[in-house]
Amino acid sequence: MKRAALTIVLVTALAACGGGGGGTGGEAGQEKTTLTVGVVPVPSSAALFIAEKNGLFKAEGLTVKTEIIQAPQAVMPKILNGSMDAFLTSYVSLLAINDSGAAKLKLFQHVQTTAPGIAGVVVPKDSPIKSAADLKGRTVGVNVLQALGQTLTNAHLQQAGVKPEEVKFVAVPFADQLTALSTKKIDAAWLVEPFLSAARKNGAVEIIDTTSGPTAGLPLDAWGVSEDWLAKNPKTAAAFQRALAKAQQIAATDRAAVDAVVPTYTQIPAEVAAAMKLGQFSTEVDKVGFQKLADLLHGYGYLKARPDVTTLIPDRIG
């Protein structure tokens, strides 16, 4: 996710300023009819492109323009000045941005929940490390420090009797993880799809499935908006969410629809997109899982305050 696939995601920053977002007064009385949406080039963004392909935005009187982003934090100036209306974000980033005070964000539409096999810790095939317990005193590469990868891995370390502080985490971009493993700069790497499948093909051995067991069912990604935007554009928000929710239903029930759009906005080849594992697309976030993720982040010191996640979910849109 940030610089990569999933989730989960999570990555390098883009410059944040720029031009803007749209007309006024649509057929249904929307406050805006043209929206600019920040899209991370990962499978989680598929529903938006499914909605566009199936005319779901047009049916709501909306025109949606996309802008590729890499990290939600980097586009907060655009979100705050209104030149970007909505954006894909990991739940970790959503929580972290609110915790930092950089913006007041709301969960606009849930996208994906974890599923077994979509993210894990791998080691070289000749490594003496065979389990989470063997990571004590070792170095683990994650794409971003104190984010999703480190949080998920910590939970499995604790289950294995290893304290998180007994493992050294270092930031290594997903694309550089296999090289770092082969040159022994790191002992293990946390990867997401499609990098995880690529690592397995190169002989790496997965020692922890970090989206199962103690971390099963945690929310991964969502569409986010600012609290201010939601208040100013209730009719537009309702129309936009209706279209996204219908597309989410398609993504949840028709894998071929996801596979068809992923190569159009990512660098993931069609054959790789069709083979890799995905999280669970759905329309509603599990509030228990959301709170569990927030509690893990707070417990590891990645959030200053323990949030009540229900305050981040609008009671009603539109």
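Anything mentioned here points back to the structure above.
Residues numbered from 1 in each chain as written. Predicted model: local features only at pLDDT ≥ 70, side-chain atom pairs only at ≥ 80, totals over all residues. Heavy atoms only, no water.

**Things to note about the sheet that holds strand β1 (residues 34-39)**
Quick note on the threshold: Strands pair, by our definition, only if DSSP identifies at least two bridges between them. The secondary structure listing takes helices from DSSP runs of H or I that are at least 4 residues long and strands from runs of E that are at least 2 residues long, numbered from the N terminus. Two residues qualify as a contact provided that any one of their heavy atoms is within 4.5 Å of a heavy atom in the partner residue. Helix axes are fitted to C-alpha atoms over the stretch in contact, other axes to C-alpha atoms as well, and angles between N-to-C directions run from 0 to 180 degrees.
In space, the six strands of this open sheet follow the order β2-β1-β3-β10-β4-β11, with mixed pairing throughout. One side of each edge strand has no neighbouring strand; the edge strands of this open sheet are β2 (63-68) and β11 (280-281). Across six bridges, the pairing between β1 and β2 is parallel. Looking at β2, one finds that Thr34 is bridged to Thr63. Against the sheet, helix α9 (residues 234-253) touches β1, β2, β3 (86-90), β4 (105-113), β10 (219-226) and β11, its axis set at about 10° to β4.

**Some words on helix α10 (residues 255-265)**
Threshold: Remark: exposure states derive from per-residue accessible area (1.4 Å probe, protein chains only) relative to the maximum for the residue type, with buried under 20%, exposed over 50%, and partly exposed in between. Polar contacts here mean pairs of N or O atoms no more than 3.5 Å apart (in protein, one a potential hydrogen donor and the other a potential acceptor; neighbouring residues in sequence count only if both atoms are side-chain atoms).
When α10 is considered as a whole, its buried residues turn out to be Ala257, Val258, Asp259, Val261, Val262 and Tyr265. Looking at the buried side of α10, the elements it contacts are β1, α1 (46-53), β2, α9, α11 (270-275) and β11. Measuring from the side-chain oxygen of the N-cap residue of α10 to the backbone nitrogen of Ala256 gives 3.2 Å; that N-cap residue is Asp254.

**Thoughts on the side chain of Thr236**
Mapping Thr236 onto the fold places it in helix α9. At a separation of 2.9 Å, a polar atom in the side chain of Thr236 contacts the main-chain amide nitrogen of Lys32. Residues contacting Thr236, with those up to four places away along its chain left out, are Gln30, Glu31, Lys32, Leu35, Leu62 and Trp229.

**Some points on the packing of α1 against α9**
We count it as follows: Put simply, angles under 35 degrees are roughly parallel, angles over 145 are roughly antiparallel, angles from 65 to 115 are roughly perpendicular, and the rest are oblique. Under the convention adopted here, Pro, Cys and the residues Ala, Val, Leu, Ile, Met, Phe, Trp and Tyr are nonpolar, Asp, Glu, Lys and Arg are charged, and Gly plus all remaining residues are polar.
The contact between α1 and α9 brings their axes to 8 Å, and the two run at 105°. The pairing of α1 with α9 is recorded here as roughly perpendicular in orientation. Here Ala47, Leu48, Ile50 and Ala51 of α1 lie close against α9, whose contacting residues are Phe240, Ala243, Leu244, Ala247, Gln248, Ile250 and Ala251. Classifying every residue of the contact of α1 with α9 gives 10 nonpolar, one polar and no charged.

**Points about the nonpolar core**
Going by this rule: The definition of a nonpolar core used throughout is a set of buried Ala, Val, Leu, Ile, Met, Phe, Trp, Tyr and Cys residues joined through side-chain atoms within 4.5 Å.
Grouped together as the largest cluster of nonpolar side chains are 104 residues, with contacts concentrated most on Leu48, Phe108, Leu135, Phe240 and Phe290. The greatest single-element share of this core, amounting to seven residues, is contributed by α9. The residues touching Phe240, leaving out its near neighbours within four places in the chain, are Leu35, Val37, Leu48, Phe57, Leu62, Val64, Ala86 and Phe108.

**Structural notes on the pattern of salt bridges**
Side chains bearing opposite charge may pair, as long as their charged atoms lie close to each other. We count it as follows: In what follows, salt bridge is the name for a side-chain nitrogen of Lys or Arg lying within 4 Å of a carboxyl oxygen of Asp or Glu.
Tallying each qualifying case throughout the model produces 10 salt bridges. Glu60 is paired through a salt bridge with Arg242; the nearest N and O atoms lie 2.9 Å apart. Placement of the pair is Glu60 in the loop between α2 (56-59) and β2 and Arg242 in helix α9, with a sequence separation of 182 residues. We classify Glu60 as buried; its relative accessible area is 13%. Overall, the relative accessible area of 41% leaves Arg242 in the partly exposed class. One salt bridge in this structure joins Asp99 and Lys304, with 3.5 Å as the shortest N-O distance. With Asp99 in helix α4 (residues 91-100) and Lys304 in the segment after α12 (287-299), this pair connects stretches of sequence that are 205 residues apart.

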